[in-house]
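# Survey of secondary and tertiary structure
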Amino acid sequence: VLGVPTRFFRDWIVSRYLDKILEQVKNFKLSLNRIEFKIIEENKQNQDLIKIDELSKVTEIKDSILNYNRLNPNLSFESFIQGKSNDIALSYSKKVCEHISRYNPLYVCGGVGLGKTHLMHAIGWKIKQQQPERKVIYLSAEKFMYQFVRALRYKDTSAFKEQFRSIDVLMIDDVQFISGKDNTQEEFFHTFN
């Protein structure tokens, strides 16, 4: 378990460097299969944590398939804490796993810490458990935007479209971040359709 100051840092490290970190750890023959990041308050951070400018020395793994579908095995329906604030979201999340086409799309909106991301991971795990042949992808809106911009830059939009339109279940977290980005919103709309 590694401490990070914010969710942004956690997501940034996971999406860009986690594969490389795991690869390096395995070089030391440590039997480590997963690294978990915990958000800690700034005043509680250990002064020995890696400095941000040192991260630039790490080589980014570009377009690794492991950057996608990084479902957290700890975030299942069994470990979800149910309450009045998330009762309906939990109910519909379970229904999605039973009848995907009937509950498409499922849009979960709520405050921070109410379990939206947890539910997305739980849905992904349950679907993969029940129907392993299904292609399930979970990613952040930031990663979706990154892939879209990259496809535009390298004039490879057909591969982008094929990649995202050939899957069975697409789960995008923090979709509100594509607000105001017209081209990305339009492509997301077409992908969704």
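Everything below is about the structure shown above.
A short tour of the structure in this document, coming up. (Residues numbered from 1 in each chain as written. Predicted model: local features only at pLDDT ≥ 70, side-chain atom pairs only at ≥ 80, totals over all residues. Heavy atoms only, no water.)

### Some remarks on the overall build of the chain
On a plain count of helices and strands, the chain comes out with six helices and four strands. From first element to last, N terminus to C terminus, the chain shows the α and β order β-α-β-α-α-β-α-α-β-α. Sequence-distant contacts, at least 24 apart, represent 73% of the contacts inside the chain between residues at least 6 apart. Within the structure as shown, the chain displays about 12900 Å² of accessible surface, and the carbon and sulfur contribution to it stands at 53%. (Helix = DSSP H or I, 4+ residues; strand = E, 2+ residues; numbered from the N terminus. Contact = heavy atoms within 4.5 Å. Areas by Shrake-Rupley, 256 points an atom, 1.4 Å probe, with all protein chains shown as cover.)

### Focus: unusual backbone geometry
Of the consecutive residues Asn104 and Pro105, the connecting peptide bond is found in the cis state with omega at 5 degrees. Take Pro105: it is sitting in the loop between helix H2 (87-98) and helix H3 (116-130). Even without glycine at this site, Asp174 takes up a positive phi of about 60 degrees. Structurally, the position occupied by Asp174 is in the loop between strand S4 (169-173) and helix H6 (182-192).

### Brief notes about the nonpolar core
Core analysis: the largest hydrophobic core is formed by 16 residues, its most contacted members being Phe77, Ile123, Ile127, Val169 and Met171. For this core, the secondary-structure elements that each account for two or more residues are H2, H3, strand S3 (136-140) and S4. Aside from chain neighbours lying at most four places away, what touches Phe77 is Leu90, Ser93, Lys94, Cys97, Leu119, Ala122, Ile123 and Lys126. With 13 residues, the next largest nonpolar core counts Leu139, Ala141, Met145 and Phe164 among its residues. (Core = buried A, V, L, I, M, F, W, Y, C linked by side-chain atoms within 4.5 Å. Buried < 20%, exposed > 50% of the residue type's maximum accessible area, 1.4 Å probe, protein only.)

### Looking at the packing of helix H4 (residues 141-153) against helix H5 (residues 157-165)
At their nearest, the axes of H4 and H5 sit 8 Å apart, and the two run at 150 degrees to each other. Viewed along their axes, H4 and H5 adopt a mutual orientation that is roughly antiparallel. Counting all contacts with H4, which are made through Phe144, Gln147, Phe148, Ala151 and Leu152, the residues of H5 involved are Thr157, Phe160, Gln163 and Phe164. For the contact of H4 with H5, the per-class residue count stands at six nonpolar, three polar and no charged. (Axes fitted to C-alpha atoms, helices over the stretch in contact; angles between N-to-C directions. Parallel < 35°, antiparallel > 145°, perpendicular 65-115°, else oblique. Nonpolar A, V, L, I, M, F, W, Y, C, P; charged D, E, K, R; others polar.)

### Details of the pattern of salt bridges
Per the counting criterion, the structure on display carries five salt bridges. The residue Asp173 makes a salt bridge to Arg7 at a minimum N-O spacing of 3.3 Å. Taken as a pair, Asp173 in strand S4 and Arg7 in helix H1 (residues 7-27) lie far apart in primary sequence, 166 residues in all. On the accessibility criterion, Asp173 (4% relative accessible area) is buried. Taking the relative accessible area as the measure of exposure, Arg7 reaches 32% and is therefore partly exposed. The salt bridge involving Asp11 is made with Arg10; its shortest N-O contact spans 3.2 Å. You can call Asp11 partly exposed: its relative accessible area is 25%. Taking the relative accessible area as the measure of exposure, Arg10 reaches 22% and is therefore partly exposed. (Salt bridge = Lys/Arg side-chain N within 4 Å of Asp/Glu carboxyl O.)

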